[in-house]
Amino acid sequence: MIYHFCNTAFGRTFRTLAAGYAREHRVAITTVMTKAPIRERDLGPPLVIADINDSSFLQRTVPGDHGIVSGFSQIFKEEAIACFASLVNIHASLLPFYRGPSPTHWCIARNEPTTGFTLHRITAKIDAGEILYQEVVPIDGERDPETLATRIAAAAGPIFVRYLDHLRTGEPWIARVVDASSVYVRPVPYLSFAPRDR
């Protein structure tokens, strides 16, 4: 079983790809969300879990299950991470910079000209696991974090599918790491949530 942990914003692109992939390849992919989406009935109902670290969810997993995260609002604790044969995240920045929950907001706020995405293993430390793949995405003057996140998700879509292929076929994964320090002009290791509009 592959669990896809996502939200309705950044995760929407990946949820659509996962649904198509599951149909085409007859692979079991369960979408996990923290609340049921209002306008995504075309993708089927997700598994709604209030706390992915709670035993009620962890007991569902079996050895050999895999997890892919794209825009999920919860932090996996060590016990939850250990339940998966592999657990990876698609993060909307070039790690190790702009770790945290709002990378597109902070890249725009700090006037970065370019950003990207990172596919990495999930560890107990936020956005700090082994990097499996990175790709640069130009910001091109975009000022809306959600629009930028959607562009980044579109760029990361083929890598999401390639990772699903890797899980399904067992083909070796070839890592690709970008020198993020040569891409960012004002890099920071971590920034928390974007400020809320008043």
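Refer to the structure presented above.
Residues numbered from 1 in each chain as written. Predicted model: local features only at pLDDT ≥ 70, side-chain atom pairs only at ≥ 80, totals over all residues. Heavy atoms only, no water.

S.K.: For this particular structure, what's the right way to read the overall build of the protein?
M.R.: Of regular secondary structure, the protein possesses five helices and seven strands. Tracing the protein from N to C terminus, the helices and strands come up as β-α-β-β-α-β-α-β-α-β-β-α. Here the C-alpha radius of gyration of the protein, 16 Å, is about what a compact globule of 198 residues would show, namely 16 Å. Referenced to the eigenvectors of the C-alpha coordinate spread, the extents of the protein come out at roughly 45 × 45 × 30 Å. Evaluated residue by residue, the protein yields a buried proportion of 49% over its 198 residues. Per element, the accessible surface of the protein, about 10,300 Å² overall, is 53% carbon and sulfur. Of the side-chain charges in the protein, 21 are positive and 20 negative, and the distance between the mean point of each set is 3 Å. (Helix = DSSP H or I, 4+ residues; strand = E, 2+ residues; numbered from the N terminus. Rg over C-alpha atoms; globule rule 2.2 N^0.38 Å. Buried < 20%, exposed > 50% of the residue type's maximum accessible area, 1.4 Å probe, protein only. Areas by Shrake-Rupley, 256 points an atom, 1.4 Å probe, with all protein chains shown as cover. Lys, Arg positive; Asp, Glu negative; His and termini not counted. Charge placed at Lys NZ, Arg CZ, Asp CG, Glu CD.)

S.K.: What exactly am I supposed to notice about the sheet that holds strand S4 (residues 66–70) here?
M.R.: Sheets are built from strands paired through backbone hydrogen bonds, the pairs being either parallel or antiparallel. Across the sheet, which stays open at both edges, the seven strands sit in the order S3-S2-S1-S4-S5-S6-S7 with mixed pairing between neighbours. Where the open sheet ends on each side, the last strands, each with one partner, are strand S3 (47–48) and strand S7 (131–138). In this structure, S4 lies alongside strand S5 (residues 86–91), joined through four bridges in parallel fashion. Along S5, the bridge assignment pairs Val-69 with Asn-89. Sitting on the sheet, helix H1 (residues 11–25) is in contact with strand S1 (2–6), strand S2 (29–33), S4 and S5, with an inclination near 160° to S1. Along the sheet, helix H5 (residues 145–169) makes contact with S1, S2, S4, S5, strand S6 (114–121) and S7, crossing S6 at roughly 30°. (Pairing = 2+ DSSP bridges. Contact = heavy atoms within 4.5 Å. Axes fitted to C-alpha atoms, helices over the stretch in contact; angles between N-to-C directions.)

S.K.: Even after reading the chapter, I still don't get the packing of aromatic side chains, so can you show me in this structure?
M.R.: Across all of its chains, the model carries 14 aromatic pairs by this definition. Here the aromatic residues Tyr-3, Phe-5, Phe-57, Phe-72, Phe-76 and Phe-84 are joined through ring pairs into a cluster of three or more. Its end group placed over the ring of Trp-173, Arg-162 keeps NZ or CZ at 4.1 Å from the ring centre. (Phe/Tyr/Trp six-rings, centres within 6.5 Å; stacked < 30°, edge-to-face > 60°. Lys NZ or Arg CZ within 6 Å of the ring centre and 35° of its normal.)

S.K.: Can you walk me through the state of the cysteines in this structure?
M.R.: What the rule picks out here adds up to zero disulfides. Here Cys-6 is not disulfide-linked; the sulfur of Cys-83 is the nearest cysteine sulfur, at 20 Å. Overall, the relative accessible area of 2% leaves Cys-6 in the buried class. (Disulfide = S-S within 2.5 Å.)

S.K.: Any chance you could explain the nonpolar core here in plain terms?
M.R.: Nonpolar side chains in soluble globular proteins generally cluster together in the buried interior. Judged by nonpolar contacts, the single largest core of 40 residues is most densely connected at Phe-10, Ile-29, Ile-68, Leu-119 and Tyr-163. Residue assignment for this core shows that the elements contributing at least two residues are H1, S5, helix H4 (103–109), S6, S7 and H5. When residues of this core are assigned to their parent elements, the largest contribution, ten residues, is made by H5. Contacts of Phe-10, omitting those with residues within four sequence positions, involve Ser-70, Gly-71, Ile-90, Ala-92, Ala-149, Ile-152 and Ala-153. Residues Val-32, Leu-47, Val-69 and Ala-80 belong to the second largest nonpolar core, which totals 16 residues. (Core = buried A, V, L, I, M, F, W, Y, C linked by side-chain atoms within 4.5 Å.)

S.K.: What should I look at first to understand the pattern of salt bridges in this one?
M.R.: Between side chains of opposite charge, a pair can form when the charged atoms approach closely. In total, this model carries three salt bridges according to the counting rule given. In this structure, the salt-bridge partner of Asp-140 is Arg-151, at a minimum N-O distance of 3.9 Å. In this pair, Asp-140 sits in the loop between S7 and H5 while Arg-151 sits in helix H5, placing the two residues eleven residues apart along the sequence. Taking the relative accessible area as the measure of exposure, Asp-140 reaches 64% and is therefore exposed. Taking the relative accessible area as the measure of exposure, Arg-151 reaches 28% and is therefore partly exposed. (Salt bridge = Lys/Arg side-chain N within 4 Å of Asp/Glu carboxyl O.)

S.K.: What is the right way to read H1 from this model?
M.R.: Note: α-helices contain 3.6 residues per turn, so residues at a spacing of three or four share the same orientation. The first and last C-alpha atoms of H1 sit 21 Å apart over 15 residues, in line with the 21 Å expected at 1.5 Å per residue. Turning to H1, its buried residues are Gly-11, Phe-14, Arg-15, Ala-18, Ala-19, Tyr-21 and Ala-22. Buried residues in H1, looked at end-on, bunch into an arc of 165°, giving them a common side. Among the exposed residues of H1, those oriented more than 90 degrees off its buried face are Arg-23 and Glu-24. Two residues or fewer past H1, Arg-26 is found with a positive phi of approximately 55°. (Expected span 1.5 Å × (residues − 1). Arc of directions from axis to C-beta.)

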